[in-house]
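A structural walkthrough
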Amino acid sequence: MAERLRITNNIRRLRFFADEMTQLELAERIGASRQTIVNLEAGKYSPSLELAFRIADAFGVPIGEVFAHEPA
Amino acid sequence: MSYRSKRSIAYIVGVVALVAAYVVVALGRSGTGADLRSWATLMLIFAGLWVVVLVVVQMVFHVGLAVGVAATEAREDTSQVERIMRASMADDEQNSLIELRAGRVDAIVVGLGLVVALAAMALGASAVAGLHVQLAAVAVGSLAENVWTIVAHEGGGARG
């Protein structure tokens, strides 16, 4: 079985540059729970491709600006 | 701590209280011995109580959470309370994944309980004992499911 990739994200930074968008606002925009945003920012949860695109759309940036991965 | 973790803790407390009540009632039933019918009736009553407890915990917890949010985060802004409640309870992919895996943990424990109960009866234990092993497995399975839910929500147990 392939080793799991370590996926990082810039959600906290992107929220800051989006007029300090709150976790609550982001959760509402992408249709997720606040706890999911908390876990995403903490790197405890890796979203599906669909949710990842929704997050990128919420900030109006390409998905590559939100998520990155470190080589296994 | 997330809404779902707190709700799971409330469920755990409810299940433990119900199991304790069952143990007290069961220990007080002297003389029923191997009367399967009376034990089955008692278990059915407690199964009904179980459903009632789950519904009551859900309702009380929902009200309690709204009051808590109003007191700590939204003060007197009711629309903000509603927003926070909605965002806390929203069903999303992480919750679905955690529920799926927690359900699997529950099913494994209940399945193991069935095997243990059958093995115990095959080795000479009474049918009543076997029935109680199975009942215990259902209770432990429910506890394991809720503990798993808390661990996954707080520790990111579901990786997507």
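Everything that follows concerns the structure shown earlier in this document.
In this convention, every chain numbers its residues from 1, walking through the sequence in written order. Each chain gets a letter, beginning with A, and each ligand a number, beginning with 1, in the order they are written. Residues qualify for local features only when their pLDDT is at least 70, as the model is predicted, and side-chain atom pairs are given and counted only at 80 or more; totals for whole chains, interfaces and linings, by contrast, use all residues. Side-chain numbers here rest on the full set of heavy atoms in the structure, without hydrogens or water.

**Concerning the overall build of chain A**
So the rule is basically this: Working definition: helices are DSSP H or I runs of at least four residues, strands are E runs of at least two. Numbering for both runs from the N terminus. For a compact globule the rule gives 2.2 Å times the number of residues to the power 0.38, and the radius of gyration it is set against comes from C-alpha atoms. Residue exposure (1.4 Å probe, protein chains only): buried if accessible area is under 20% of the type maximum, exposed if over 50%, otherwise partly exposed. Here, two residues are considered to be in contact whenever any of their heavy atoms come within 4.5 Å of each other. His is not counted here, nor are the chain ends, while Lys and Arg score as positive and Asp and Glu score as negative. Working definition for charges: the position is that of NZ of Lys, CZ of Arg, CG of Asp or CD of Glu.
Helix and strand content of chain A: five helices and two strands. Each helix (α) and strand (β) of chain A, taken in turn from the N terminus, gives the series β-α-α-α-α-α-β. Its C-alpha radius of gyration of 12 Å places chain A within 12% of the 11 Å reference for a compact globule of 72 residues. Projecting the C-alpha coordinates of chain A onto the three principal axes gives extents of approximately 40 × 20 × 20 Å. Here chain A holds 72 residues, and the buried ones make up 39% of them. Across chain A, every contact between residues at least 6 apart in sequence was considered, and the portion connecting residues at least 24 apart equals 56%. Each charge sign in chain A was given a centre, from 9 positive and 10 negative side chains, and these centres are 5 Å apart.

**Overview of the pattern of salt bridges**
Filter applied, for reference: Put simply, a salt bridge is a Lys or Arg side-chain nitrogen that is within 4 Å of an Asp or Glu carboxyl oxygen.
Applying the stated criterion to the full structure yields five salt bridges over all chains. Where R12(A) meets E20(A), a salt bridge forms, and the shortest distance between an N and an O atom there is 3.6 Å. Between R4(B) and D91(B) there is a salt bridge; the shortest N-O distance is 2.9 Å. Of this pair, R4(B) sits in helix α1 (residues 3–27) while D91(B) sits in the loop between α3 (78–89) and α4 (93–122), and the two are 87 residues apart along the sequence. Among the residues examined, D91(B) registers a relative accessible area of 58% and is labelled exposed.

**So, the layout of surface pockets**
Residues and elements named next belong to chain B. Put simply, the test is: Only protein atoms enter the 1 Å grid, on which a cavity is a set of points fitting a 1.4 Å probe that cannot get out and a pocket is an open set with protein on both sides within 12 Å along at least 5 of 7 lines, lining residues being those with an atom within 4 Å of a point. Grid points are joined across faces, edges and corners, and a volume is the space filled by probe spheres set on the points. All residues other than Ala, Val, Leu, Ile, Met, Phe, Trp, Tyr, Cys, Pro, Asp, Glu, Lys and Arg, Gly among them, are scored as polar; the first ten of these are nonpolar and the last four charged.
Here the largest pocket defines a volume of roughly 360 Å³. Along its surface, the largest pocket is lined by 15 residues, and Y22, W50, L135, A136 and A139 are the ones closest to its centre. Elements supplying a minimum of two residues to the lining of the largest pocket: α1, α2 (36–74) and α5 (127–155). Broken down by element, the lining of the largest pocket gets its largest block of residues, six residues, from α1. Across the lining of the largest pocket, the residue classes break down as 14 nonpolar, one polar and no charged. Considered as a void within the structure, the second largest pocket measures approximately 310 Å³ in volume. Lining the second largest pocket are 18 residues, and of these R7, Y11, E145, N146 and T149 sit closest to its centre. Contributions of two or more residues to the lining of the second largest pocket are made by α1, α2, α4 and α5. With six residues, the single largest contributor to the lining of the second largest pocket is α5. Grouping the constituent residues of the lining of the second largest pocket by class yields seven nonpolar, six polar and five charged.

**Topic: the interface of chain A and chain B**
Applicable threshold: Here the quantity called buried area is the total loss of accessible area, with a 1.4 Å probe, experienced by two parts when brought into contact, counted for both. Whenever a nitrogen or oxygen atom comes within 3.5 Å of another N or O atom, the pair is scored as a polar contact, on the condition that within protein one atom can donate a hydrogen and the other can accept it, and that pairs from neighbouring residues in sequence are kept only if both atoms are in side chains.
Of the residues lining the interface, 18 residues belong to chain A; the matching set on chain B comes to 22 residues. Of the roughly 1,700 Å² buried at the junction of chain A and chain B (both faces included), carbon and sulfur atoms supply 39%. Of all residues in chain A, R34(A), K44(A) and Y45(A) give up the largest surface area on contact with chain B, accounting jointly for 32% of the area buried on that side. Linking chain A to chain B there are one salt bridge. Here R83(B) makes a salt bridge to E28(A), at a shortest N to O gap of 2.8 Å. Seen at the junction of chain A and chain B, the total is eleven residue pairs in polar contact (both at pLDDT 80 or more).

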